[in-house]
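Residue-level listing of the chains:
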Amino acid sequence: MDGLPKLIGPLPGPRARAIIERDARVVSPSYTRSYPLVAERGEGAIIEDVDGNRFLDFSAGIAVVATGHCHPRVVEAIQKQAARLIHMSGTDFYYEGMAALAEKLAEIAPGEVPRRVAFGNSGAEAIEGSIKLARYATGRDKIIAFFGCFHGRTLGALSLTARKAVQRGHFGPLLPGVVHAPYPYCYRCPFGRQPEGCAVECVKHIEDTLLKTIAPPEETAAIVVEPVLGEGGYVVPPKKFFDELARVAQQNGILLIFDEVQSGMGRTGKMWAAEHFDAVPDILAVAKGIAGGMPLGATVARADLMTWPPGAHASTFGGNPVCCAAALATIALLEEGLMKNAARMGAHLMDRMREWPARFPHVGEVRGLGLMIGIDLVRDQRTKEKAPELRGRVLRQAFERGLLVLGAGDNAIRLCPPLVITRDQCDFAMETLEECLR
Ligand SMILES: Cc1ncc(COP(=O)(O)O)c(C=O)c1O
């Protein structure tokens, strides 16, 4: 497939329309589809739909296919493993792929600390494992999470998630003992401070309010945070937030859990977003980009914490042999050059997009690390009033021009292309978005 989009008819085409009608009759109405893309096949950063239209994919299946769609090395690893052994539950038996992937994750996890790994099938499961381990290891039950963060939709993970009311509404009661703090979304400071006048108010709130009232240190197991806010709008906190968080956690014997489900696996130009802040978690939750599109999640923890006994935590499919093979191929590709490409292409995008607030009255801020870039759309740059309806229009118009982008937060456009993206493809995406913004 060619590297740029090609549309051959009005969207959605006839075959797409027929599938959407079938889907509408039987698939859960809880899914959120921003526009009618019906995918047929993918290669690199290009998706072809069922009518033969080709799109440039700046969504990567919600930040999943780090190595691009159907990378030949990932496909080969999957095919070889599938022909040999598809499943043999690692819960009850051994296979080399699981040990090899755990070794690799322990090696590349942030910080020079011995690690152990528990496998699951998704981001939510990686978070469930993290919550359980934090409670088990500390003997404490309370968890501090942040407003705006998204950690998944299973009931434990959902209890931490504080993104949208519709995600939590009517599902309670959720886990008791979970409390939330403001996230350092400095463009819209929850404390109304200018960044330069901020004394890391978000952490002060934890230290001076939460720990002194509803989450006393002797009952608080962990603080869970996304190092870069994903679903909440692609927000990058300042480094001093992490320094302060580490100090408060350490002084109070509270574990730090980093949810790098979206920000990890090379997307920010380093293997982990945490590395941009010299921050080291006690427990790391990983999924999405880990296995080239195969379902896999991992809870990577300090080895001295992961001492739970046989039977305490496991999953039938978690760390399945085919997923492990795909993950090993994926990590090799990231290390061989894709992570560097993410840094290079991210810088290329930001070089031009940094000027957007000066060029487009409805762009409030462009922010990001590597290929995790958010464009905050506002009605008015001075009041910073959010412009969700405008965001919806831009997503739709980009689709009609052959570019797939997703929203994040109430009003941001997120750019999270596969890490195989080229300069030409970045230029096409920027030109298309500029046209839509104009
Ligand atoms: C930061 C973060 N954590 C957890 C999850 C949940 O992952 P999954 O949908 O694989 O359960 C997501 C999904 O978007 C995420 O972005």
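Rules used throughout
Residues numbered from 1 in each chain as written. Predicted model: local features only at pLDDT ≥ 70, side-chain atom pairs only at ≥ 80, totals over all residues. Heavy atoms only, no water. Helix = DSSP H or I, 4+ residues; strand = E, 2+ residues; numbered from the N terminus. Rg over C-alpha atoms; globule rule 2.2 N^0.38 Å. Buried < 20%, exposed > 50% of the residue type's maximum accessible area, 1.4 Å probe, protein only. Contact = heavy atoms within 4.5 Å. Lys, Arg positive; Asp, Glu negative; His and termini not counted. Charge placed at Lys NZ, Arg CZ, Asp CG, Glu CD. Salt bridge = Lys/Arg side-chain N within 4 Å of Asp/Glu carboxyl O. Pairing = 2+ DSSP bridges. 1 Å grid on protein atoms, 1.4 Å probe; cavity = no way out; pocket = protein on both sides within 12 Å on 5 of 7 lines; lining within 4 Å. Points joined across faces, edges and corners; volume = space filled by probe spheres on them. Nonpolar A, V, L, I, M, F, W, Y, C, P; charged D, E, K, R; others polar. Near = heavy atom within 4 Å. Polar contact = N/O pair within 3.5 Å; in protein donor to acceptor, adjacent residues only side chain to side chain. Areas by Shrake-Rupley, 256 points an atom, 1.4 Å probe, with all protein chains shown as cover. Expected span 1.5 Å × (residues − 1). Axes fitted to C-alpha atoms, helices over the stretch in contact; angles between N-to-C directions. Parallel < 35°, antiparallel > 145°, perpendicular 65-115°, else oblique. Left-handed = near helix turned anticlockwise from the far one by under 90°. Core = buried A, V, L, I, M, F, W, Y, C linked by side-chain atoms within 4.5 Å.

Caption draft 1: Layout of the overall build of the protein chain. Tallying secondary structure elements over the protein chain gives 13 helices and 16 strands in all. Its C-alpha atoms give the protein chain a radius of gyration of 21 Å, within 12% of the compact-globule value 22 Å for 438 residues. Dimensions of the protein chain, computed from C-alpha atoms along their principal axes, come out at roughly 60 × 60 × 45 Å. Buried residues in the protein chain amount to 56% of all 438 residues. Sequence-distant contacts in the protein chain: of pairs separated by 6 or more residues, those separated by 24 or more amount to 73%. Distance between charge centroids for the protein chain: 3 Å, based on 50 positive and 50 negative side chains.

Caption draft 2: The pattern of salt bridges, seen in detail. All chains considered together, the criterion is met by 29 salt bridges. Its salt-bridge partner being Glu-336, residue Arg-73 comes within 3.0 Å of it at the nearest N-O pair. Of this pair, Arg-73 sits in helix 3 (residues 72-84) while Glu-336 sits in helix 10 (residues 321-353); the two residues are 263 residues apart in sequence, bridging distant segments of the chain. Using a relative accessible area of 55% as the deciding quantity, one classes Glu-336 as exposed. Between Asp-243 and Lys-239 there is a salt bridge, with its nearest N and O atoms 2.9 Å apart. With Asp-243 and Lys-239 both in helix 9 (residues 239-251), this residue pair falls 4 residues apart, about one helical turn. Residue classification places Asp-243 among the partly exposed positions, given a relative accessible area of 37%. Looking at Lys-239, the relative accessible area reads 34%, which means it is partly exposed. Here the salt bridges share partners, and the residues they tie into one network are Arg-188, Glu-365, Arg-367 and Asp-376.

Caption draft 3: Main features of the sheet that holds strand 1 (residues 39-43). Across the sheet, 4 strands lie side by side as 1-2-3-14; this open sheet has mixed pairing. Of all strands in the sheet, those bounded by a partner on one side alone are strand 1 and strand 14 (403-404). For strand 1 and strand 2 (residues 46-49), the ladder comprises 4 bridges, and the chain directions are antiparallel. Bridge pairing in strand 2 places Ala-39 opposite Asp-49.

Caption draft 4: Layout of empty space enclosed by the protein. Taken as a whole and assessed by the stated rule, the structure comprises 1 cavity of 30 Å³ or more. Its volume calculated, the largest cavity comes out at about 100 Å³. Looking at the largest cavity, it is lined by 15 residues, and the ones nearest its centre are Pro-184, Cys-186, Cys-189, Cys-198 and Cys-202. Classifying every residue of the lining of the largest cavity by side-chain character gives 12 nonpolar, 1 polar and 2 charged.

Caption draft 5: Main features of the layout of surface pockets. Considering only enclosed or pocket space, the second largest pocket measures out at about 800 Å³ in volume. Around the second largest pocket sit 24 residues that line it, and Gly-90, Met-98, Val-117, Ala-118 and His-313 are the ones nearest its centre. At the level of secondary structure, the elements contributing two or more residues to the lining of the second largest pocket comprise helix 4 (96-108) and strand 4 (115-120). Considering every element that reaches the lining of the second largest pocket, the biggest residue donor is strand 4, with 5 residues.

Caption draft 6: Up close: the site of the ligand. Near the ligand, the surroundings consist of Ser-122, Gly-123, Ala-124, Phe-150, His-151, Gly-152, Glu-226, Glu-231, Asp-259, Val-261, Gln-262 and Lys-288. Interatomic distance of 2.8 Å between a backbone N/O atom of Ala-124 and an oxygen atom of the ligand. Between the ligand and Asp-259 there is a distance of 2.7 Å, counted from a nitrogen atom to a side-chain nitrogen or oxygen. Alone, the ligand offers 390 Å² of accessible surface; in the complex the protein occludes 82% of this. Grouping the amino acids of the shell around the ligand by side-chain chemistry returns 3 nonpolar, 5 polar and 4 charged.

Caption draft 7: Spatial organisation of helix 13 (residues 423-437). Look at helix 13: 21 Å from first C-alpha to last across 15 residues, which is about the 21 Å you get at 1.5 Å a residue. The set of residues buried in helix 13 consists of Gln-425, Cys-426, Ala-429, Met-430, Thr-432, Leu-433, Glu-434, Cys-436 and Leu-437.

Caption draft 8: Expanded view of the packing of helix 12 (residues 388-400) against helix 13. Taken N-terminus to C-terminus, the directions of helix 12 and helix 13 make an angle of 130°; their axes are 9 Å apart at the nearest point. The angle between helix 12 and helix 13 places the two elements in the oblique class. Classified by chirality, the crossing of helix 13 by helix 12 is right-handed. The residues of helix 13 that touch helix 12, namely those facing Val-394, Gln-397 and Ala-398, are Thr-432, Leu-433, Cys-436 and Leu-437. Split into classes, the residues belonging to the contact of helix 12 with helix 13 amount to 5 nonpolar, 2 polar and no charged.

Caption draft 9: Fine view of the nonpolar core. By size, the foremost hydrophobic cluster in this structure holds 112 residues, and its most contacted members are Phe-58, Leu-105, Phe-146, Ile-206, Trp-356 and Ile-375. With 16 residues, the top contributor of residues to this core is helix 10. When neighbours within four sequence positions are excluded, Trp-356 is seen to be in contact with Val-363, Val-366, Ile-375, Met-430, Leu-433, Glu-434 and Leu-437. In terms of nonpolar packing, the next biggest core, distinct from the first, is built from 25 residues, Ile-143, Val-224, Ile-283 and Met-306 among them.

Caption draft 10: Structural view of the sheet that holds strand 7 (residues 220-225). Taken together, 7 strands build an open sheet; the order of strands is 4-10-9-8-7-5-6 and the sheet is mixed. A strand with exactly one partner marks an edge of an open sheet, and here the two such strands are strand 4 and strand 6 (178-181). The mean inter-strand angle of the sheet, taken between neighbouring strand axes irrespective of direction, is 20°. Running at roughly 145° to strand 8 (residues 255-259), helix 9 makes contact with strand 5 (142-146), strand 7 and strand 8 of the sheet.

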